[in-house]
Amino acid sequence: MHIIHQTNLWSHAPHNAFSDLCEFNNMLVCCFREATNHISGDGKIRVLYLDWQGKVLRHQLLRIAGADLRDPKLSLTPDNKLMLLAYARYCGADNKTRYGQPSTWLSQDGYSWTAAKGFADRNWWLWRISWHNDKAYGVAYNRSAQSTRFYSGNPRGSFDCIEPELFGLRKHGKGYPNESDLQFAADGTAYILLRRDADTCTAQLGIAKPPYRRWQWQDLGFYLGGPAMLLLEGNQALLAGRIWRASGPKTALIGLDLVSWKKKLLCILPSGGDTSYPGLVRKGDRLYISYYASHQGQQSRIYLSELELKLT
């Protein structure tokens with residue numbers, strides 16, 4: 001795989017990070033957190049609307065008073081509305097966390113948004129929403145519990161925990177599972193790509209058939225931060241996220257065979273320092289990736305790469 005086009009999308013805030021990307025109404029939509037720094041309490045969500053060359057057509061800023069908005073993610077609802085998910089960390093002037101609440105916004109046209117609506121369980125960080133057969137699914141984690149939960153339903157209505165201990169230290173003997181991506185194959189099989197940051201720190205891949213109550217887990221044998229995943233043809237998957245090289249952290253693309261579990265490093269994106277959290281959009285034989293990195297000017301900036309999609 002090689003990069004066809006690379007764009008520095010946004011660097012206006014002191015800290016621009018934690019991106020996601022989706023296609024909506026024949027545009028690319030990119031979201032990310034703007035703030036003073038990585039852990040400050042003033043996080044807001046910037047939404048960019050892009051043409052396919054990465055030109056910013058317009059942009060918006062979403063906020064909640066008294067909340068640090070973190071790790072925004074985008075999805076399309078079954079009726080083609082744009083849904084934005086973020087974790088609202090409610091904090092005081094001292095930046096101490098009072099509680100956290102997953103929250104969503106909804107837009108029919110990409111111009112106006114509903115008010116934020118909290119859902120799921122407080123203090124369980126719901127990382128991403130994925131849709132299958134008109135229903136939303138998601139994985140949430142809690143650091144102190146060192147465990148994850150699996151949810152399904154309607155994020156703007158009833159969204160219930162259907163597996164209270166999906167993967168965790170007590171059940172599987174592997175510590176601190178956290179960020180994830182969730183994808184569904186055409187036959188309904190669900191795949192969860194799960195980051196870990198304890199003991200061996202190796203990522204896990206969970207697989208389940210409907211109704212998603214019995215999961216099998218494969219240890220991938222490598223670390224992946226801010227994980228994202230696309231399922232491709234021929235039992236192939238494309239993984240993206242932060243890896244560690246001798247020169248430091250990089251944002252990379254990895255090919256994974258879902259039968260043999262063989263993996264291949266496909267591409268290292270221009271990145272370094274504080275970097276990762278890619279969003280992935282496939283358009284024919286092109287792959288669009290948003291991510292952030294701080295290798296230029298020691299500032300976290302948002303980038304967009306266009307690549308030719310090839311696994312070999």
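Residues numbered from 1 in each chain as written. Predicted model: local features only at pLDDT ≥ 70, side-chain atom pairs only at ≥ 80, totals over all residues. Heavy atoms only, no water.

## Some points on the sheet that holds strand 8 (residues 97-107)
Note the following rule: By this definition, two strands are paired if DSSP reports at least two bridges between them. A run of H or I in DSSP becomes a helix once it reaches four residues, and a run of E becomes a strand once it reaches two; helices and strands are each numbered from the N terminus.
Taken in spatial order, the four strands make up an open sheet running 6-7-8-9, and their pairing is antiparallel. Single-partner strands in this sheet number two, and they are strand 6 (67-76) and strand 9 (117-118). As defined by bridge partners, strand 7 (residues 82-91) adjoins strand 8 across ten bridges and the pair is classed as antiparallel. By the bridge assignment for strand 8, Y87 is matched with P102.

## Re the pairing of strand 13 (residues 147-153)
Keep this limit in mind: Remark: exposure states derive from per-residue accessible area (1.4 Å probe, protein chains only) relative to the maximum for the residue type, with buried under 20%, exposed over 50%, and partly exposed in between.
Strand 13 sits mainly inside the fold: six of its seven residues count as buried. Summarising the sheet, strand 12 (residues 135-142) and strand 13 pair through seven bridges and their orientation is antiparallel. What sits directly across from V139, in strand 13, is F150. Strand direction decides the pairing type here: strand 13 and strand 14 (residues 159-163), joined by four bridges, are antiparallel. Looking across to strand 14, one finds that F150 is bridged to E163. In sequence, strand 13 turns back onto strand 14 through a hairpin of five residues.

## Some details on the sheet that holds strand 16 (residues 190-196)
Under the convention used in this document: Axis lines are fitted to C-alpha atoms, over the contacting stretch for helices. Their N-to-C directions set the angle, which ranges from 0 to 180 degrees.
With antiparallel pairing, the four strands of this open sheet are ordered in space as 15-16-17-18. Each edge of the open sheet is held by one strand with a lone partner, namely strand 15 (177-184) and strand 18 (216-219). Adjacent strand axes in the sheet meet at a mean angle of 20° when their direction is disregarded. Where strand 17 (residues 204-208) meets strand 18, four bridges bridge the pair, whose relative direction is antiparallel. Paired with G206 across the strands is W217, a residue of strand 18.

## Overview of the nonpolar core
Selection criterion: We define a nonpolar core as any set of buried Ala, Val, Leu, Ile, Met, Phe, Trp, Tyr and Cys residues linked to one another through side-chain atoms lying within 4.5 Å. Contacts are assigned to residue pairs that have any heavy atoms within 4.5 Å of one another.
If you look at the biggest cluster of nonpolar residues, it comprises 23 residues, and the most contacted ones within it are L9, L28 and C30. Discounting chain neighbours no more than four positions away, the residues touching C30 are L9, S19, D20, L21, R46, V47, L48, L50, L74, S290 and I302. Judged by nonpolar contacts, the second largest core, of 21 residues, contains V29, L69, A86 and W113.

Limitation: the analysis is restricted to geometry and does not speak to function.
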